[in-house]
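# Tertiary structure, described
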Amino acid sequence: MLPRLMAVLLLSGSLLAGLGDTTAAKAAAQTNACVPPGGWADASARPLNAADLLRRAAASPAVLLGERHDNADHHRWQLHSLAALHALNPDLAVGMEMFPRSVQPVLDRWSAGQLTEAELLRETNWPKVWGYDARFYLPILHFARMNRLPVVALNVDRGLVSRTAREGWAAVPAGEREGVGDPAPPPASYTERLRQVMAAHGPTERRSGSFERFVEAQSVWDRAMAERIAETHRQTNRTVVAILGQGHVEGRDGVPHQLADLGVRNSVVLLPWDEDRPCAELDGRIADAVYGLGESEAPAESPRPRLGVMLEPGPDGVRVRSVTEGSVAAAAGLTAGDLVVAAAGSPVREASDLTAVVQRQAPGTWLPLTVKREQGTAELVAKFPAAPVVE
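Residues numbered from 1 in each chain as written. Predicted model: local features only at pLDDT ≥ 70, side-chain atom pairs only at ≥ 80, totals over all residues. Heavy atoms only, no water.

Note: strands within a sheet are paired through backbone hydrogen bonds, in either parallel or antiparallel orientation. Sheet architecture is open: seven strands sit in the order 1-7-6-2-5-3-4, paired in mixed fashion. Each edge of the open sheet carries a strand with a single partner, namely strand 1 (40-41) and strand 4 (151-155). Along the sheet, helix 4 (residues 72-88) contacts strand 1, strand 2 (62-67), strand 3 (92-100), strand 5 (239-245), strand 6 (268-273) and strand 7 (289-292); its crossing angle with strand 2, the most-contacted strand, is approximately 165 degrees. Set on the sheet, helix 8 (residues 138-146) makes contact with strand 3, strand 4 and strand 5; between it and strand 3 the angle comes to about 140 degrees. (Pairing = 2+ DSSP bridges. Helix = DSSP H or I, 4+ residues; strand = E, 2+ residues; numbered from the N terminus. Contact = heavy atoms within 4.5 Å. Axes fitted to C-alpha atoms, helices over the stretch in contact; angles between N-to-C directions.)

Encoded structure:
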């Protein structure tokens, strides 16, 4: 922040005293932002009229509100956008990536006012099926219940996506697909973006077809959510406002692409735009519109501990698919192919078990891991860095 602040002051040609210099710097930064905070713009950073945009969105069959799951400002923006859309069209349904189809009866009871927060989180098994801070999502859920809006579970069980990545969609019997149909082939732009995502998590496995199955699994995931959105709109004639990760909607390559294949071609993609996000990413197609967010006064939550691995199901544990270079996992000696069977003495049977243990780690602590390899069982220690000193 300091280098950027100094640059603004130097460019302005003046150094103001006291509180005034901070105010001037913020004003200058907002003036130069590609999407000024508090304003809407199209995918090429051209300003949009908010009233016209929201009227168009409220009349569409589906509005897809992207998010970064751990960003509180994104969730506040989603809530405000939902409220604005509801003011224009009270016949909405709220679709949420956070819930698998299997918990739909629980969400129906929530919308009807029959459950407490604690009961909702317990009966949907929130810590296991999603795990991000429920406080980010509860205001949206309360808004839906207050206005008696249906809350629709968009997701499928994680095991279906993982199995597809491991075995391929064709290997999953029809009766075990949770009703999901065959996804439309993804566009080349989506495949390339997924290639970059996979590369960011470490070296791609050399096993033949690994990346292709990864793309197929993402497409199945997108298809599942698109089917629920399309089905809800057609059965209820409501506009479905979907709360989901921005990676599923950016460039209209994921869920919007699958919606179009299902006949819903005029969905509206809206994204929050962080102040520090590169303007070059406004490429003319990333979304129908973006909303400028100012600088957050404080982090939404402390950065989560990260082990730095991609995982997949394995026999009696979870297998390490790849290890990020320079990560805690790499320093601990974890390698692709390792089967993690225990963490801190507790059995690891699926990825969520290991994730839960890692996210409980305080800065500067050590986490014992038991892994199985061809040579036998190994005991490793993952050492998490101490919290940085804030000056």
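On we go.
Residues Leu 85, Val 94, Met 96, Met 98, Phe 99, Leu 141 and Leu 270 are the most contacted members of the largest nonpolar core, which totals 41 residues. When residues no more than four places from it in sequence are discounted, the contact partners of Met 96 are Tyr 137, Leu 141, Val 151, Val 152, Ala 153, Leu 154, Asn 155 and Ile 243. If you look at the next biggest cluster of nonpolar residues, it comprises 28 residues, including Ala 43, Ala 62, Val 255 and Trp 273. (Core = buried A, V, L, I, M, F, W, Y, C linked by side-chain atoms within 4.5 Å. Buried < 20%, exposed > 50% of the residue type's maximum accessible area, 1.4 Å probe, protein only.)

So, about the state of the cysteines. Enumeration according to the criterion identifies one disulfide in this entry. Disulfide partner of Cys 34: Cys 279, at an S-S distance of 2.5 Å. Every disulfide takes its handedness from the sign of the S-S torsion; for Cys 34 and Cys 279 that torsion is -95 degrees, giving left-handed. With a gap of 245 residues between them, Cys 34 in the loop between helix 2 (19-32) and strand 1 and Cys 279 in the loop between strand 6 and strand 7 connect regions that are remote in the sequence. (Disulfide = S-S within 2.5 Å.)

Scope: geometric values only; no functional claims are made or implied.
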